[in-house]
Amino acid sequence: DRERAMRLLNGLYLQAGLAEDALRIFDRAAATLPKDRNRYRLLAVDALIRLNRSAEAQGRNEAILKEDPNQTDALVRSASFEIDRGQVMESIPRLERIVHLTPRNPAALFNLGRALALAGKPGLAQHWLTEAVRLAPGLIEARLELIRVLFVTDQYGEALAKIEAALEVDPGNFEAGLMK
């Protein structure tokens, strides 16, 4: 489907270090394809995040939410920005609502797990991170956060097994390599 193809293209551009090119493509597509405007705007937010232009990414994400306050991906990103700003406790209820409405959303599950880990609730964090990894095995950030939770809860054998699994998915992942 078209959305998967655009996400794949975005991922390829970002992995190749061509985030500026991806941003231009998605901005142009958002301007010329009104039916798919928000999809491309969300992909542009991803590119901005990759370019470390967080303030601009947050601004664009908020613009999407002004037009469509129920846009799930933008709501998840908004909660992720809250976590990044240290507003962990504020993000948890928002993420819990999103997970309740879209229980198969790996990004929401990952961010809920991440927030719960930061809030000192590793058991709950482990549950949601495990579910995120189950639904999206390639979501390396969820795998890494799960490994950190396993270490914190003294589940070393499980953590080592998860490190190996993460390296199978992403053999060159620097952080997983360091954990090993």
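Every value quoted in this text rests on a predicted model; they were computed, and no experiment measured them.

Peer 1: Can you help me understand the nonpolar core in this one?
Peer 2: Nonpolar side chains in soluble globular proteins tend to be buried together. Formed by 51 residues in total, the largest nonpolar core has its most connected members in Leu95 and Ile147. The contact partners of Leu95, leaving out residues within four places of it in the chain, are Ala79, Ile83, Ala108, Asn111, Leu112 and Ala115.

Peer 1: In this structure, what is going on with unusual backbone geometry? I would like to understand it.
Peer 2: Leave glycine aside and you will find that most residues have negative phi; peptide bonds, for their part, are mostly trans. Of note, the phi angle at Asn52 is positive, near 60°, even though the residue is not glycine. Inspection of the secondary structure puts Asn52 in the loop between helix H3 (37-50) and helix H4 (54-67).

Peer 1: What exactly am I supposed to notice about helix H8 (residues 122-135) here?
Peer 2: Every α-helix carries 3.6 residues per turn, so stepping three or four residues along brings you back to the same face. For H8, spanning 14 residues, the distance from its first C-alpha to its last is 20 Å, which sits close to the expected 20 Å at 1.5 Å a residue. If you check which residues of H8 are buried, you get Ala125, Leu129, Ala132 and Val133. Down the axis, H8 shows its buried residues gathered within 95° of arc, on one side only. Exposed side of H8, more than 90 degrees from the buried face: Gly123 and Arg134 are the residues found there. Against the buried residues of H8 lie helix H7 (106-118) and helix H9 (140-152).

Peer 1: Looking at this structure, how should I read the packing of helix H5 (residues 72-84) against helix H6 (residues 88-101)?
Peer 2: Helices that pack against each other are described as a pair by the angle of their axes relative to one another and the distance between those axes. Between H5 and H6, whose axes approach to 8 Å, the crossing angle comes to 160°. It follows that H5 is roughly antiparallel to H6 by the angle criterion. Where H5 crosses over H6, the two elements pack in a sense that is left-handed. Each of Thr72, Leu75, Val76, Ser78, Ala79, Glu82 and Ile83 in H5 lies in contact with H6, whose residues at this interface are Val88, Glu90, Ser91, Arg94, Leu95 and Ile98. For the contact of H5 with H6, a count of residues per class yields 7 nonpolar, 3 polar and 3 charged.

What counts, and at which threshold
- Residues numbered from 1 in each chain as written.
- Predicted model: local features only at pLDDT ≥ 70, side-chain atom pairs only at ≥ 80, totals over all residues.
- Heavy atoms only, no water.
- Core = buried A, V, L, I, M, F, W, Y, C linked by side-chain atoms within 4.5 Å.
- Buried < 20%, exposed > 50% of the residue type's maximum accessible area, 1.4 Å probe, protein only.
- Contact = heavy atoms within 4.5 Å.
- Helix = DSSP H or I, 4+ residues; strand = E, 2+ residues; numbered from the N terminus.
- Expected span 1.5 Å × (residues − 1).
- Arc of directions from axis to C-beta.
- Axes fitted to C-alpha atoms, helices over the stretch in contact; angles between N-to-C directions.
- Parallel < 35°, antiparallel > 145°, perpendicular 65-115°, else oblique.
- Left-handed = near helix turned anticlockwise from the far one by under 90°.
- Nonpolar A, V, L, I, M, F, W, Y, C, P; charged D, E, K, R; others polar.

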